[in-house]
Protein chains: 2
Amino acid sequence: MTRPIHANPGAKLWLNLFEQAQHTGRPIREQLCQALRQAIRSHALAYGMRLPASRTLASDLGVSRITVEAAYAQLEAEGYIHRHVGKGSFVAQQFAGSSTKPAHAQPSSARLSARGQRLVDGGGCRDPRLPTAFAAGSPDLRVFPHEIWRRLLNQQLRRNQTALLGYGDPQGYLPLREAIASYLQQARGVKASAEQVLVLTSSQQALHLLGSLLLDAGDTVWLEEPGYRGARTAFDAAGARLLPVAVDQDGLCPHATLPPPRLIYLTPSHQYPTGSTLSLPRRLALLQLARQHGSWIIEDDYDSEFHYDGRPVSSLQGLDDSGQVIYLGTFSKALFPSLRLAYVVLPPALIDAATTARTVYDGHSSQLLQAVCADFIEQGHFAAHLRYQRKLYRSRRDLLLDEINRKLKPLLTPLPSPGGLQLLTLLPDGLEAPLSQQASALGLVTPGLRGLYGGQEAKDGWLLGFAALSAEEIRQAVATLANIDRSKGK
Amino acid sequence: MTRPIHANPGAKLWLNLFEQAQHTGRPIREQLCQALRQAIRSHALAYGMRLPASRTLASDLGVSRITVEAAYAQLEAEGYIHRHVGKGSFVAQQFAGSSTKPAHAQPSSARLSARGQRLVDGGGCRDPRLPTAFAAGSPDLRVFPHEIWRRLLNQQLRRNQTALLGYGDPQGYLPLREAIASYLQQARGVKASAEQVLVLTSSQQALHLLGSLLLDAGDTVWLEEPGYRGARTAFDAAGARLLPVAVDQDGLCPHATLPPPRLIYLTPSHQYPTGSTLSLPRRLALLQLARQHGSWIIEDDYDSEFHYDGRPVSSLQGLDDSGQVIYLGTFSKALFPSLRLAYVVLPPALIDAATTARTVYDGHSSQLLQAVCADFIEQGHFAAHLRYQRKLYRSRRDLLLDEINRKLKPLLTPLPSPGGLQLLTLLPDGLEAPLSQQASALGLVTPGLRGLYGGQEAKDGWLLGFAALSAEEIRQAVATLANIDRSKGK
């Protein structure tokens, strides 16, 4: 049971972890703790394993023995290790993987609820955190009008400091709801009053909240195929039966034989990820179908602010006379992701229910950030920033297309992309995985298309984010990408 | 079907609403729209009802006919009303209550999922929004060190502006997790490393997330009786079987015959709302029971920062050697509610699962506010603000007790309250409802005790918030409360 650390082939891992931790500029003791915790949690150091004596480790690492002792003491206090005088320090049981069953019931992932396990098995949906080429989905935060934002923030803090610190309206700060309603009426043809707007933290929260509120286990949901992973995850967490429905150049294209949906999830302005626009006949047919079956439609207008060619099509919600459509928008792309503000425009029948759900889920959104966002819109900065971004991102899309055509044809086949922050390019069958690996080795992120399919048949491709990259960064990234060996993986 | 507005006894309501709206300083057209929307949504104006002609209404209200026409046009655009030339304007169907069934499937609350309906039927849990006497649960936001906060906020905005705008770590901003872990180790005896901390928006989000992750429908949850309503709502939304367990002066007091729990929800430091502290023997017994049955324990340490008499008892989590306890804390009370930052310290087995759930629920918390909060703690302002608040709130608690003893005895019987932001006082049987009504008529909020019981037997009482009230406000409020007629309701 008790093995010296060197007996385990993976045991050197935590020394590497320690080296990584050294670049964080934190105290050595804390670096050491962090490396050990990670090694234990990742099972590189398994239950019962003996750690090196503090004297040995101190000498190995070139740090003082006091530091190692302090780190061990800290880890013992946290329960990661046990120390026995005269025997040594051992990885504690509850923090590590183990091959032996304990005598008492043991906390483990097996003690999640069935719904929790399903959620974890789904893998969640993590947003891209670094503005590397070609991570998708982020605007260029470097061009955000920081000074204007800071001025408005300070004004609000001075003017309303105490009022904005207290508990807020779960439906959202009224001036922001009014600003959103007014913007959506003008820009997106949405039929919206402030009373119908519910402010949330993110599209993801909206999808999860609506999934819980509207879907019972086994209910059928139509999802665009390929489509947005966050929606699939949210409705899967609700236990729904997810039905992938093919998308063509006119958007969602349902067969007449499909089982009627309880809910249809759509990105009609720029279908995610293909970029196609849902045609008017299809819009009317889907509304008719929703009326007929009493289905809800969620219209996720996630990046409609960024339309580059011709006039953007108005919202589907604006065509709805029967209160079937829930309109969803976010400030994560038009302003910045960490603002944590998104919104839904609800049919009146859902306003109270969704607001009540919000009180049970997480109360309300930051009042301060809502107030600043409202000022930003009302004073015209939002419209100005959108105009600026549209022009900038269009030029970046054009550049990326040019560069791809010059350097990556015929390997990559870009699809028409009248808007959005990323460009879908198709790859020959079977090449997505091996070429993505090569790209990754070159320091590039190439979000894959295959992962956006929920059904059996998937196409190979890359969804290349361009909006967050300067012209120079786009040129360099494409030049780097041109170095991949196209024959590999064949 | 079509009735003139004057035929309905409730129809004058919207004129009152209009008068209320007039004090908001918004344009008259918008005030009128707002009043009409509210009247329609609240069913004061029912489906098919005819609105007054614009000329008549303009004259009644003393506003121009153009204004009324504009408001009607707006409401028509929003779908609230239909207008027919030569006939008049009528309340539209989808926005109002109706006694007739429509031909097609109709959006209504009946189209919620079973889980959604359960959630709505539960009524949600709304936080007190106004710092009126004696609303419970809020600190005094007037004594918050606004200037320090604003300075730190501006520093972060200048230093890290772009980095803090992007997508964040779903587990939480690392420096904040480190600051939380370090604070909890020192102040609460919690065994915590930054790796175990998950930053969330609120206690409510924590309870809802953990409820989904750990509870299947029908799973037994032990809840303190009386107890915190937000917890009950969250676990009820998860479909759990809620079992009220009596609380005495030593905290939760389970009978040996109770069915074993999947989860126990506890407020061991200051039981909510009785203020009792869970005794050490009970703590050990509950930990033993949890180990035996593989139960999770959620330790909600919601206001442990505010302990006034003697030394506060350390956390239950610190006694747990088996990873059964999930520790929960919030900045809503120690700092301010609209910060939207709370945290859980997770047993290692739950870290990845809970973080994945966060990605599906709402992504992550505002990075900017997390960064400022981390600075606030690390630079010592948090500790200083806590010291200041503790001293201030203790004096307010003492004053409230004095005033009650002088003016409201023997009607009110205060319970011992060694800490917290509110004082539980018992009332003679049957008096809570009638006296609360009287207090409300006098402009006072008196949060009731009965609503905090989940079982059959409830006691009458008031949970009087004192922390947010100045000495003068406490004196005035008690003097006002002394005017209630104690004989009423008998």
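Figured I'd write up the structure that's included with this text. (Residues numbered from 1 in each chain as written. Chains lettered and ligands numbered in written order. Predicted model: local features only at pLDDT ≥ 70, side-chain atom pairs only at ≥ 80, totals over all residues. Heavy atoms only, no water.)

**Notes on the relation of the copies chain B and chain A**
So, point 1. Of the transformation placing chain B onto chain A, the axial shift is 0.1 Å and the rotation is 180 degrees, giving an RMSD of 0.2 Å. One copy is carried onto the other by what is essentially a two-fold rotation axis. No C-alpha of chain B lies nearer the rotation axis than that of N154(B), which sits 4.2 Å from it. (Least-squares fit on C-alpha atoms with pLDDT ≥ 70 in both.)

**Comments concerning the sheet that holds strand β12 (residues 422-426) of chain A**
All names here are of chain A.
So, point 1. Taken in spatial order, the 3 strands make up an open sheet running β11-β12-β13, and their pairing is antiparallel. Strands at the two margins of the open sheet, each flanked by one partner only, are β11 (413-414) and β13 (461-465).
So, point 2. The pairing of β12 with β13 spans 5 bridges and is antiparallel. Residue pairing in the sheet places T425 in a bridge with W462 of β13. (Pairing = 2+ DSSP bridges. Helix = DSSP H or I, 4+ residues; strand = E, 2+ residues; numbered from the N terminus.)

**Here we look at the pattern of salt bridges**
So, point 1. Considering all chains together, one arrives at 34 salt bridges over all chains under this definition.
So, point 2. One salt bridge in this structure joins R150(A) and E147(A), with 3.1 Å as the shortest N-O distance. Here R150(A) pairs with E147(A), and both are found in helix α6 (residues 146-165), just 3 residues apart, close to one helical turn.
So, point 3. When its relative accessible area of 13% is taken as the criterion, R150(A) is described as buried.
So, point 4. In this structure, R142(B) and D140(B) form a salt bridge, with 3.0 Å as the shortest nitrogen-oxygen distance.
So, point 5. For D140(B), a relative accessible area of 5% translates into the label buried.
So, point 6. The structure contains a network of salt bridges with shared partners spanning D140(A), R142(A), R396(A) and E473(A). (Salt bridge = Lys/Arg side-chain N within 4 Å of Asp/Glu carboxyl O. Buried < 20%, exposed > 50% of the residue type's maximum accessible area, 1.4 Å probe, protein only.)

**Topic: unusual backbone geometry**
So, point 1. Look at the link from A133(B) to F134(B): it is a cis peptide, with omega at -5 degrees.
So, point 2. Tracing the backbone through its elements, the reader meets F134(B) in the loop between α5 (114-121) and α6 (146-165).
So, point 3. One non-glycine residue with positive phi stands out, namely R340(A), at about 60 degrees.

**What to know about the nonpolar core**
So, point 1. Counting residues in hydrophobic clusters, the biggest one holds 134 residues, and the most contacted among them are F331(A) and F331(B).
So, point 2. If we ignore the near neighbours within four places in the chain, the residues touching F331(A) are L176(A), I180(A), F336(A), L339(A), L341(A), A342(A), Y343(A), C373(A), I377(A) and F382(A). (Core = buried A, V, L, I, M, F, W, Y, C linked by side-chain atoms within 4.5 Å. Contact = heavy atoms within 4.5 Å.)

**Comments concerning the interface of chain B and chain A**
So, point 1. In this complex, chain B contributes 107 residues to the contact, which on the side of chain A involves 106 residues.
So, point 2. Between chain B and chain A, roughly 9200 Å² of surface is buried when both sides are summed, and carbon and sulfur atoms account for 55% of that area.
So, point 3. It is R111(B), L165(B) and Y167(B) that lose the most area in chain B upon contact with chain A, and together they represent 10% of the buried surface on that side.
So, point 4. Run the count over chain B and chain A and you get 0 salt bridges.
So, point 5. Counting the contacts that link chain B with chain A gives 46 residue pairs in polar contact (both at pLDDT 80 or more).
So, point 6. The leading source of residues in the side of chain B that touches chain A is helix α12 (residues 348-361) of chain B, at 12 residues. (Buried area = accessible area lost by both parts, 1.4 Å probe. Polar contact = N/O pair within 3.5 Å; in protein donor to acceptor, adjacent residues only side chain to side chain.)

**Details of the packing of α6(A) against α6(B)**
So, point 1. Across the interface, α6(A) lies against α6(B) with an axial gap of 11 Å and an inter-helix angle of 145 degrees. Judged by the sense of rotation from one axis to the other, the crossing of α6(A) with α6(B) is right-handed. Where α6(A) approaches α6(B), its residues H146(A), R150(A), L153(A), N154(A), L157(A), R158(A), Q161(A), T162(A) and L165(A) are matched on the opposing element by H146(B), R150(B), L153(B), N154(B), L157(B), R158(B), Q161(B), T162(B) and L165(B).
So, point 2. Tallied by class, the residues present in the contact of α6(A) with α6(B) amount to 6 nonpolar, 8 polar and 4 charged. (Axes fitted to C-alpha atoms, helices over the stretch in contact; angles between N-to-C directions. Left-handed = near helix turned anticlockwise from the far one by under 90°. Nonpolar A, V, L, I, M, F, W, Y, C, P; charged D, E, K, R; others polar.)

**So, the side chain of D375(A)**
Residues and elements named next belong to chain A.
So, point 1. If you trace the backbone, D375 turns up in helix α13 (residues 367-378).
So, point 2. Among buried Asp, Glu, Lys and Arg side chains, D375 stands out as unpaired, with R159 the closest opposite charge at 4.5 Å.
So, point 3. The residues contacting D375, other than those within four sequence positions of it, are L152, Q156 and R159. (Lys, Arg positive; Asp, Glu negative; His and termini not counted.)

**Quick notes on the packing of aromatic side chains**
So, point 1. Tallied over the entire structure, the rule returns 24 aromatic pairs over all chains.
So, point 2. Ring centres 5.7 Å apart and planes at 75 degrees place the aromatic pair F331(B) and F382(B) in the edge-to-face group. Of this pair, F331(B) sits in helix α11 (residues 331-334) while F382(B) sits in helix α14 (residues 381-407), and the two are 51 residues apart along the sequence. The pair formed by F331(B) and F382(B) is uniform in burial state, with each residue classed as buried.
So, point 3. Through a chain of ring-to-ring contacts, three or more aromatic side chains come together here, namely F144(A), W149(A), F336(A) and F376(A).
So, point 4. Across from the ring centre of W296(B), 4.0 Å away, lies the NZ or CZ of R111(A), which sits over that ring. (Phe/Tyr/Trp six-rings, centres within 6.5 Å; stacked < 30°, edge-to-face > 60°. Lys NZ or Arg CZ within 6 Å of the ring centre and 35° of its normal.)

**So, the environment of G122(A)**
Residues and elements named next belong to chain A.
So, point 1. When you line up the elements, G122 lands in the loop between α5 (114-121) and α6.
So, point 2. A relative accessible area of 32% means that G122 is categorised as partly exposed.
So, point 3. Sequence-wise, G122 and D236 are 114 residues apart; in three dimensions their C-alpha atoms are separated by 7.8 Å.

**Details of the packing of helix α12 (residues 348-361) of chain A against helix α8 (residues 203-214) of chain B**
So, point 1. Contact pair α12(A) / α8(B): the axes reach a minimum separation of 7 Å and the direction vectors enclose 90 degrees. Accordingly, the angle class assigned to the pair α12(A) and α8(B) is roughly perpendicular. Here α12(A) contributes T359(A), V360(A) and Y361(A) to the contact with α8(B), which in turn contributes Q204(B), Q205(B) and H208(B).
So, point 2. Grouping the amino acids of the contact of α12(A) with α8(B) by side-chain chemistry returns 2 nonpolar, 4 polar and no charged. (Parallel < 35°, antiparallel > 145°, perpendicular 65-115°, else oblique.)

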